Amino acid sequence: MEKLEKEKLDKLEILRHSTSHILAQAVKRIFPQAKLGIGPPIKDGFYYDFDIDGELLSKNLSRIKEEMENIVKQDLPFQKEKVSKEKAREIFEERNEPYKLELIDEIDDSYVTLYRQGEFVDLCRGPHLKSTGEVKFFTLLSVAGAYWRGKEGNPMLSRIYGTSFFTKKELDKYLKQLEEAKKRDHRKLGKELGIFDIYPDYLGPGLAVYHPNGSIIRDIIERFEKEEHLKRGYQFVVTPHISRSHLWKVSGHLDFYRENMYVFSVGGQEYVLKPMNCPGHIMVYKSKQRSYRDLPLRLFELGTVYRREESGVLHGLLRLRGFTQDDAHIFCLPSQLIDEVRGVLKFALFMMDTFKLGYKITLSTRPVKYIGSEKSWEVATDALKEALRREGLDFEIAPGEGAFYGPKIDIQMEDALGRLWQGPTIQVDFNLPERFDLTYISAEGEKKRVVMIHRVVLGTIDRFLGVLIEHLEGKFPVWLAPVQVRVLTITDKEIPFAKDIYEKIKSEGIRVELDSRNEMLSYKIRESQLQKIPYMVVVGKRETENKLLTVRKRNGENLKNISLENFLKMIKEDISRKK
RNA sequence: GCUGGCGUAGCUCAACGGCAGAGCAGCUGAUUUGUAAUCAGCAGGUUGGGGGUUCGAAUCCCUCCGCCAGCUCCA
């Protein structure tokens with residue numbers, strides 16, 4: 001079964017790779033001056049990069065697609081050819097393809113493979129379909145810039161994205177999925193549901209304003225976080241948003257990240273808007289001499305930080321310039337490292353579980369540029385590995401992907417559409433304990449260097465909320481829903497009874513609203529439904545007479561003749577079980 | 001930051017060199033209604049900002065700001 005799946009995937013890759021060659025052929029037919037970059041299959045389709053004015057491509061996308069259809073009709077065979085590097089060089093020199101020449105020079109073999117279809121030839125490992133006629137259901141999606149070989153200093157090429165399938169059904173399904181993802185867009189839902197908004201002109205880009213509904217959700221999540229941190233032996237601290245730049249000189253951030261920090265002068269003193277919480281927490285650690293008996297020390301803060309992110313990367317709540325981390329720093333003995341990491345792993349996965357998110361774990365090891373000794377990296381990396389092993393968790397290793405100051409574990413959250421988002425992280429830091437000279441007195445009475453762990457268990461509250469909106473399509477479970485119940489009247493006659501119900505529900509601490517407007521019931525239901533409110537209580541003549549409730553659930557299901565007591569019990573059950 | 005697309009009423013969009021418009025939302029009134037849109041009226045705009053071309057600019061040109069897709073980045 002699994003093997004079949006794999007084969008199907010491979011076939012799809014071949015199809016898409018072949019489609020990308022057809023795309024390149026079409027572009028070369030229409031724009032012979034275009035230089036070819038690369039054109040691989042990717043997760044949901046394929047792309048091809050061209051060195052040509054992107055405007056020409058985006059204005060002619062439909063023409064390019066038509067030409068691709070012609071090529072399909074011509075049913076040109078894909079012909080594989082094995083040639084010497086010299087021969088290949090001749091071919092692409094003649095065709096004036098500098099990027100292909102660059103690729104040839106980097107191939108380690110003395111032979112390379114080419115694929116031809118009609119007048120078109122490409123340097124390519126393959127494999128491909130038998131002929132262009134086998135490609136049937138494809139579409140071109142967008143044009144975007146991309147640096148040659150993904151390096152910022154390189155020329156910017158124009159990339160056409162597209163996708164291709166074996167059946168029309170699959171293509172339609174994919175296009176529908178794109179629509180579906182659009183519907184879940186947290187920026188759109190965030191606005192519609194009164195959760196948050198961004199005012200680039202007045203307030204500035206990348207700075208979110210939480211409206212009442214969003215603030216309630218945040219508050220519930222934050223209270224939950226605080227409770228859970230207390231249970232796990234964390235202590236709370238609060239550190240200021242601005243501080244003298246001296247702090248950031250010692251930490252090294254000012255030297256490395258000045259461009260990304262908000263630095264300003266007041267009264268001849270240079271100040272910095274904090275981009276991280278760690279130096280503040282370090283002040284607490286340093287405030288007195290620490291004994292090994294004090295360790296581990298776990299300091300927690302819902303710390304709001306500001307980073308000057310590049311304008312092109314901002315994205316709703318998922319990438320902001322001001323955001324709040326559920327940030328903690330653990331100061332511990334080397335011998336405590338494994339257990340502390342295990343504790344954080346348990347904690348993070350408990351959070352994923354609570355919010356019904358899947359996850360994927362990655363361990364990132366020493367990069368090329370690093371500080372600290374090789375030995376300490378090895379010890380720390382082994383400790384992270386051992387912690388993962390003892391928790392029985394699967395993980396992938398990302399070689400060389402660690403931060404310059406230490407190895408780390410990243411947990412990506414998987415949402416309802418199977419998309420992955422950056423979530424909790426656990427990082428060991430060799431840098432700051434040195435820079436701030438963080439020590440403890442050991443049992444032998446010696447001064448020793450403390451081990452420092454940075455960790456977040458949701459990541460940032462902002463991003464987490466954004467992911468949650470997309471994951472749930474805005475349908476927050478009862479414990480998080482900004483409005484848990486809305487009472488709807490049918491005519492004005494029911495207002496006194498509805499008000500009574502509303503007051504009773506409200507006095508139980510449940511977030512309830514009363515819609516007693518002079519509108520049709522179906523209209524009120526529609527509005528509540530669009531607001532994704534979990535429970536609607538419909539109050540009409542029947543309910544007023546028999547004093548029992550009719551409850552419409554968000555999924556359209558109706559509960560008839562339910563007593564107020566039972567309804568309240570049901571909601572409280574939802575809340576306590578975090579449903 | 002880079003490449004391309006885009007910016008018109010609170011929202012979704014039309015007008016594309018010749019009087020700035022529609023639907024929804026809002027307000028007012030009528031209607032008293034049983035499970036996803038009752039009817040009518042009213043109001044709503046420096047067409048992102050600045051500059052230019054033109055008898056005339058939402059529309060064409062320049063520039064700045066911002067948004068979207070992607071690339072790069074993410075301590």
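The model shown is predicted, which means the values in this text are computed figures rather than measured ones.

Q: Sorry if this is basic, but what is going on with the overall build of chain A here?
A: When helices and strands are counted, chain A shows 19 helices and 28 strands. When the backbone C-alpha atoms are referred to their principal axes, chain A occupies close to 85 × 80 × 55 Å. For chain A, restricting intrachain contacts to residue pairs at least 6 apart in sequence, the fraction spanning at least 24 positions comes to 70%. Accessible surface, chain A as shown: approximately 29300 Å² in total, 50% of it carbon and sulfur. Taking the average location of the 96 positive side-chain charges in chain A and that of its 88 negative ones, the two points are 3 Å from each other.

Q: I keep staring at the side chain of Asn60 and nothing clicks. Help me out?
A: The residue Asn60 is located in the loop between helix H2 (54–59) and helix H3 (61–74) in this model. For Asn60, the side chain forms a polar contact with the main-chain oxygen of Leu56, separated by 2.7 Å.

Q: In this structure, what is going on with the sheet that holds strand S24 (residues 485–489)? I would like to understand it.
A: The strands making up a sheet associate through hydrogen bonds between their backbones, and the pairing can be parallel or antiparallel. Pairing within the open sheet is mixed, and its 5 strands lie in the order S25-S24-S26-S27-S28. Among the strands making up the open sheet, the edge pair consists of strand S25 (512–515) and strand S28 (558–562). Across this sheet, the average inter-strand angle for adjacent strands is 20°, counted without regard to direction. Pairing analysis gives 5 bridges linking S24 to strand S26 (residues 535–539), with the strands arranged parallel. If you follow Leu488 over to S26, its bridge partner there is Val538. Relative to S24, helix H17 (residues 521–530) is tilted by about 165°, and along the sheet it contacts S24, S25, S26 and strand S27 (549–553).

Q: Would you take a moment to explain the protein's contact with RNA strand B for this structure?
A: Taken together, 53 residues lie around RNA strand B, and Ser311, Tyr405, Asn518, Met520 and Arg526 are the ones closest in. Near-protein atoms of RNA strand B (within 4 Å) split between backbone and bases, with sugar and phosphate holding 47%. Gly145 has a polar backbone atom sitting 3.0 Å from a base oxygen of RNA strand B. Tyr257 places a polar side-chain atom, nitrogen or oxygen, 2.9 Å from a sugar or linking oxygen of RNA strand B. Of all the elements in the fold, those that place two or more residues in the surface near RNA strand B are H2, strand S7 (137–147), strand S8 (156–165), helix H7 (186–192), helix H10 (253–257), H17, helix H18 (541–546) and S27.

Q: Quick question: what am I supposed to make of the environment of Gly118 here?
A: Relative to the assigned elements, Gly118 resides in the loop between strand S5 (111–117) and strand S6 (120–123). The sequence separation of Gly118 and Arg554 amounts to 436 residues, and the corresponding C-alpha distance is 57 Å. If we ignore the near neighbours within four places in the chain, the residues touching Gly118 are Gln25 and Leu76.

Q: Sorry if this is basic, but what is going on with helix H19 (residues 564–576) here?
A: Since the α-helix turns once every 3.6 residues, residues separated by three or four places project in the same direction. Helix length check: H19, at 13 residues, gives a terminal C-alpha distance of 18 Å against a target of 18 Å (1.5 Å per residue), a fit within 8%. Lys578, located one to two residues past H19, shows a positive phi value of around 55°.

Q: Looking at this structure, how should I read the pattern of salt bridges?
A: Should their charged atoms come close, side chains of opposite charge can pair. On inspection of all chains with the given rule, the structure shows 46 salt bridges. A salt bridge links Glu508 to Lys572, with the nearest nitrogen and oxygen atoms 2.4 Å apart. Of this pair, Glu508 sits in the loop between helix H16 (495–506) and S25 while Lys572 sits in helix H19, placing them 64 residues apart in sequence. Since its relative accessible area comes to 38%, Lys572 is described here as partly exposed. One salt-bridge network, held together by shared partners, links Glu180, Lys183, Arg184, Glu473 and Lys475.

Cut-off values and rules
- Residues numbered from 1 in each chain as written.
- Chains lettered and ligands numbered in written order.
- Predicted model: local features only at pLDDT ≥ 70, side-chain atom pairs only at ≥ 80, totals over all residues.
- Heavy atoms only, no water.
- Helix = DSSP H or I, 4+ residues; strand = E, 2+ residues; numbered from the N terminus.
- Contact = heavy atoms within 4.5 Å.
- Areas by Shrake-Rupley, 256 points an atom, 1.4 Å probe, with all protein chains shown as cover.
- Lys, Arg positive; Asp, Glu negative; His and termini not counted.
- Charge placed at Lys NZ, Arg CZ, Asp CG, Glu CD.
- Polar contact = N/O pair within 3.5 Å; in protein donor to acceptor, adjacent residues only side chain to side chain.
- Pairing = 2+ DSSP bridges.
- Axes fitted to C-alpha atoms, helices over the stretch in contact; angles between N-to-C directions.
- Near = heavy atom within 4 Å.
- Expected span 1.5 Å × (residues − 1).
- Salt bridge = Lys/Arg side-chain N within 4 Å of Asp/Glu carboxyl O.
- Buried < 20%, exposed > 50% of the residue type's maximum accessible area, 1.4 Å probe, protein only.

Take it as geometry only, folks, not as evidence of what the structure does.
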